Amino acid sequence: MTDGVLDPGLFPPGLGVETLAAGRRPAVIMVDLMQAYFEPGCAFDLGSTAVLGPAASVLAAARAGGHPVVHTRVEFDRATADASVFVRKVPSLRDLAPGARLGRLRDEVAPTGDEPVVVKQAASAFFGTSLAEDLHERGVDTVVITGVSTSGCVRATAVDALQHDLVPVVVSDAVADRAPGPHHATLYDLRSKYGSVVDAAGAVRYLERTA
């Protein structure tokens, strides 16, 4: 593994998988880059802001190339939280109430006025939202995924993208987790079975080529 890019030679022989070629009509999904993941003392804190630089570079390339960009964040009002099994499992999700500072997207990767923000109550950006339909209506065939956390909402979004017939491209250094083990294991699994994994420089080149 070099610079966060997974070596294809690491994958077990005979697995029977093919390399998924990214398409010509990409969109970028910025998953949950909220203050909660960068707030010291918060249950969600990653302990580092290093992911924001690569994520911002991918975002800038998408904007420069005229590609669709979608941001996501998590929000639970009282009624939704009380009814949610997800909140029962992760009670700290209650801190992501409407208007809460922890739920605000970071300035480094904040949406512009014409970029939609998908508000979700599940790990995947696709579950319970109109995201798949919106992307298909725009002719999107590939989603470039950045954000947090790698083993949680990023993974769920990538798997669901495949299930909606979109090629998922996960940006290895523009996603992050609270520990290196889950981060690298998830990237290995996603590359093995669900999509492609590239670094931010590779994602930027791809977005420039398809501009």
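All values derive from a computational prediction rather than experimental measurement.

Points about the overall build of the protein chain
Alright, step 1. When helices and strands are counted, the protein chain shows seven helices and six strands.
Alright, step 2. Counted from the first residue to the last, the protein chain has its helices and strands arranged as β-α-β-α-α-β-α-β-α-β-α-β-α.
Alright, step 3. Seen along its three principal axes, the alpha-carbon backbone of the protein chain occupies a region of about 45 × 35 × 30 Å.
Alright, step 4. Taken across its 211 residues, the protein chain has 49% of its residues classed as buried.
Alright, step 5. For the protein chain, the share of sequence-separated contacts (at least 6 apart) that also reach a separation of at least 24 residues comes to 78%.
Alright, step 6. Carbon and sulfur atoms make up 52% of the accessible area of the protein chain, which totals about 9900 Å².
Alright, step 7. Side-chain charges in the protein chain split into 19 positive and 25 negative, and the spacing between the mean points of these groups amounts to 3 Å.

Comments concerning helix α5 (residues 150-163)
Residues spaced three or four apart along an α-helix face the same direction, because each turn holds 3.6 residues.
Alright, step 1. The terminal C-alpha atoms of α5 lie 18 Å apart, and with 14 residues this matches the ideal 20 Å at 1.5 Å per residue to within 8%.
Alright, step 2. Residues of α5 that are buried make contact with β1 (26-31), β3 (117-120), β4 (142-148), β5 (167-176) and α6 (180-193).
Alright, step 3. Downstream of α5 by one or two residues, Asp165 has phi in the positive range, about 60 degrees.

Looking at the sheet that holds β3
Alright, step 1. Taken together, six strands build an open sheet; the order of strands is β3-β2-β1-β4-β5-β6 and the sheet is parallel. Two strands close off the open sheet at either side, each with one partner strand: β3 and β6 (196-198). Across the sheet, the axes of successive neighbouring strands diverge by a mean angle of 25 degrees, strand direction being ignored.
Alright, step 2. Its contacts with the sheet put α6 on β5 and β6, and the angle it makes with β5 is roughly 165 degrees.

Here we look at the pairing of β3
Alright, step 1. Here β3 shows a buried face lined by Val118 and Lys120 and an unburied face lined by Val117 and Val119.
Alright, step 2. Strand direction decides the pairing type here: strand β2 (residues 69-74) and β3, joined by four bridges, are parallel. Note on β3: the bridge partner recorded for Thr72 is Val118.

Digging into the packing of aromatic side chains
The geometry of an aromatic ring pair is captured by the separation of the ring centres together with the interplanar angle, meaning the angle of the planes.
Alright, step 1. Tallying each qualifying case throughout the model produces one aromatic pair.
Alright, step 2. A ring pair is formed by Tyr37 and Phe44, whose centres lie 5.7 Å apart and whose planes are at 50 degrees; its orientation type is tilted.
Alright, step 3. Residue class for Phe44 comes out buried when judged on its relative accessible area of 9%.

With respect to the pattern of salt bridges
Alright, step 1. One pass over the full model with this rule turns up nine salt bridges.
Alright, step 2. In this structure, Asp82 engages Arg78 in a salt bridge whose closest nitrogen and oxygen atoms are separated by 3.0 Å. Of the two residues, Asp82 and Arg78 both sit in helix α2 (residues 78-83), four residues apart, roughly one turn of that helix.
Alright, step 3. On the basis of relative accessibility, which here comes to 63%, the residue Arg78 falls in the exposed class.
Alright, step 4. For Asp82, the salt bridge identified is with Arg94, shortest N-O distance 3.2 Å. Linking Asp82 in helix α2 with Arg94 in the loop between α3 (85-89) and β3, this pair joins segments that are 12 residues apart in sequence.
Alright, step 5. Several salt bridges share partner residues, and in doing so they unite Arg78, Asp82 and Arg94 into one network.

Thoughts on the UniProt feature "domain: Isochorismatase-like" (unreviewed entry) in the protein chain
Alright, step 1. In this numbering, the UniProt entry assigns the feature "domain: Isochorismatase-like" (unreviewed entry) to residues 27-201.
Alright, step 2. Along residues 27-201 the backbone is 35% helical and 20% strand, and the end-to-end C-alpha distance reaches 16 Å.

Calculation rules
Residues numbered from 1 in each chain as written. Predicted model: local features only at pLDDT ≥ 70, side-chain atom pairs only at ≥ 80, totals over all residues. Heavy atoms only, no water. Helix = DSSP H or I, 4+ residues; strand = E, 2+ residues; numbered from the N terminus. Buried < 20%, exposed > 50% of the residue type's maximum accessible area, 1.4 Å probe, protein only. Contact = heavy atoms within 4.5 Å. Areas by Shrake-Rupley, 256 points an atom, 1.4 Å probe, with all protein chains shown as cover. Lys, Arg positive; Asp, Glu negative; His and termini not counted. Charge placed at Lys NZ, Arg CZ, Asp CG, Glu CD. Expected span 1.5 Å × (residues − 1). Pairing = 2+ DSSP bridges. Axes fitted to C-alpha atoms, helices over the stretch in contact; angles between N-to-C directions. Phe/Tyr/Trp six-rings, centres within 6.5 Å; stacked < 30°, edge-to-face > 60°. Salt bridge = Lys/Arg side-chain N within 4 Å of Asp/Glu carboxyl O. UniProt positions renumbered as here; feature names shortened; annotations may be inferred.

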